[in-house]
Amino acid sequence: MENLEVMVVDDQPSVCKEIASFLKERCNVHAFKSGKDALAYLEKNHVDFIVLDYYMPEMTGFQVLLTIRENKATRDTPVVFLTTEVSERMEYEMKQRGANDYLCKPVDSAKLQECIRKHTSKA
């Protein structure tokens, strides 16, 4: 899991800081508080893994994910949703729309690292 470029997108700065603190020794973490800012970064930069908040103002996580999947350069980048609620219907929708997985908030460090290993070839 060394030297991975990980993007975290969450409108709550505390969540971004928490995830960055979990990963800072093994990954380069790029944190954004909006989907719009994250997509602008992805236009010029590569990341290996994306942690994406499901509920955000302006652009939802699904809207961001659809844009990521439509772009040839990012369509295969693993994306994991962060959410506070999970139902069978929501889990199905996440997978149908192209999410690789999901994690519940508050984020568990071990589960996050396991998820990154599972979905990246650089693990």
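No experiment lies behind these values; they were computed from the predicted model shown.

> Summarise the sheet that holds strand β2 (residues 27-32); cite the residues concerned and give the values.
Backbone-to-backbone hydrogen bonds pair the strands of a sheet. The strands run either parallel or antiparallel. Taken in spatial order, the five strands line up as β2-β1-β3-β4-β5 in an open sheet, and their pairing is parallel. Each having just a single partner strand, β2 and β5 (101-104) make up the two edges of the open sheet. Between one strand and the next, the sheet's axes are offset by a mean angle of 20 degrees, whatever the strand orientation. One ladder, built from four bridges, connects strand β1 (residues 4-9) with strand β3 (residues 49-53); its direction is parallel. Opposite Met-7, over in β3, you have Ile-50 as the bridge partner.

> Outline the packing of aromatic side chains, supporting the account with residue identities and numerical values.
Enumeration over the complete set of coordinates arrives at five aromatic pairs. With 5.2 Å between their ring centres and 85 degrees between their planes, Phe-62 and Phe-81 make a pair best called edge-to-face. Placement of the pair is Phe-62 in helix α3 (residues 61-70) and Phe-81 in strand β4 (residues 79-83), with a sequence separation of 19 residues. Overall, Phe-81 belongs to the buried group, its relative accessible area being 0%.

> Break down the pairing of β5 for me, with residues and values.
Burial along β5 is one-sided: Asp-101 and Leu-103 are buried, and none of Tyr-102 and Cys-104, which face the opposite way, are. The sheet contact formed by β4 and β5 spans four bridges and is parallel. Residue pairing for β5: Phe-81 is matched across the bridge by Tyr-102. The handedness of the β4 to β5 crossover, carried by helix α4 (residues 88-96), is right-handed.

Basis of the calculations
- Residues numbered from 1 in each chain as written.
- Predicted model: local features only at pLDDT ≥ 70, side-chain atom pairs only at ≥ 80, totals over all residues.
- Heavy atoms only, no water.
- Pairing = 2+ DSSP bridges.
- Helix = DSSP H or I, 4+ residues; strand = E, 2+ residues; numbered from the N terminus.
- Axes fitted to C-alpha atoms, helices over the stretch in contact; angles between N-to-C directions.
- Phe/Tyr/Trp six-rings, centres within 6.5 Å; stacked < 30°, edge-to-face > 60°.
- Buried < 20%, exposed > 50% of the residue type's maximum accessible area, 1.4 Å probe, protein only.
- Right-handed = clockwise from strand over helix to strand, strands pointing away.

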